Amino acid sequence: MIRVAAVGDVHMDVDVLGRYRPSLEQLGERADVLLLAGDLTRHGTVNEAECVAREFGDLPVPVVAVLGNHDYHSDQQREVTKVLAAGGITVLEGEGITISCRDVKFGVAGIKGFGGGFAGRCASMFGEPEIKDFVRTTERAATRLQAALLSLDADVLVALTHYAPVPDTLLGEPLEIYPFLGSYLLGQAIDSAPTALAVHGHAHAGVERGVTPGGVRVRNVAHPVIRQAYSVYQLDAAAPGRTPVSQGAGRGIDSLSHDV
Ligand SMILES: [Fe+2]
Ligand SMILES: [Fe+2]
């Protein structure tokens, strides 16, 4: 079993320091890796990034992150990434990383992603250049996620995004903002590889569990959704890849509770 801890939308600033750290101190006994699903800061400033590095850096397990839209707000995403990296946090934006956990090669492909909506209710490459730019941004993100997933030589493969790849985990969000919460193209990218689990954030009012059309289990780990310092998902390294929906979306994956 690979134990994947994950949380997103921690929206750090000085007033949040210490909210997560006490629960993270025992992380090494509970998980093999920690994934951070974006919106790590409140407004994307360097000072807030330093808070993230203090709260989530120097942990006993590897920490892998993607940025979220909030982390771009101050146009300092490069500086934010540098601060996180200096704190020992690996930030992915269209890349993958393989981590050795005991005898298992654990792969993570990560990208922030973007909006666009879901099949039947999505933006398309039509009309004004601004709309085409919007759609092109999503398409590029999905293409890069797919390439990162397919490039990894891993026994267990996880996709990490900020934006949602499926509408399932948006339940509770207003329908009107679904196109700003995710894109089905991310789900297609995830389905194109033997992905065992897709983790995302961004949808504060959504729900935790969903599944892609191809049967990949999806978990929305936005902190307001999971309401704990992190959730832990156990992935069976002996039976990686997707579980057919008909066999149950929860098979081989369990969420453990660790309250803040
Ligand atoms: Fe957020
Ligand atoms: Fe967000």
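Residues numbered from 1 in each chain as written. Chains lettered and ligands numbered in written order. Predicted model: local features only at pLDDT ≥ 70, side-chain atom pairs only at ≥ 80, totals over all residues. Heavy atoms only, no water.

Engineer: Before we move on, can you summarise the sheet that holds strand β10 (residues 197–200) with the specific residues and values?
Structural biologist: Read across the sheet, 6 strands follow the order β5-β6-β9-β10-β12-β11 without closing on themselves; strand pairing throughout is mixed. A single partner strand is all that each edge strand has here, and the edge strands are β5 (95–101) and β11 (209–211). Averaged over all pairs of adjacent strands, the angle between their axes in this sheet comes to 25 degrees, without regard to strand direction. With 4 bridges joining them, β10 and strand β12 (residues 217–220) adopt parallel strand pairing. Bridge assignment links Leu197 to a residue of β12, and that residue is Arg217. In the packing of helix α5 (residues 129–151) onto the sheet, contacts are made with β5, β6 (104–111) and β9 (156–161), and the angle to β6 comes to roughly 170 degrees. (Pairing = 2+ DSSP bridges. Helix = DSSP H or I, 4+ residues; strand = E, 2+ residues; numbered from the N terminus. Axes fitted to C-alpha atoms, helices over the stretch in contact; angles between N-to-C directions. Contact = heavy atoms within 4.5 Å.)

Engineer: Before we move on, could you go through the coordination of the iron ion (ligand 1) and cite the residues and values that matter?
Structural biologist: Octahedral metal centres with six donors ideally show angles of 90 or 180 degrees, and tetrahedral centres with four donors ideally show 109.5 degrees. Only Asp9 (OD), His11 (NE2), Asp39 (OD) and His204 (NE2) from the protein reach the iron ion (ligand 1) as donors, at distances of 2.0 to 2.3 Å. Around the iron ion (ligand 1), the 4 donor atoms are arranged such that angles at the metal cover 88 to 167 degrees; this shape is classified as irregular. In the primary sequence, the donor residues of the iron ion (ligand 1) line up as D-x1-H-x27-D-x164-H. (Donors = N, O, S within 2.8 Å, 3.2 Å for Na, K, Ca; no water. Tetrahedral: all angles 85-135°; square planar, octahedral: opposite > 155°, others 65-115°.)

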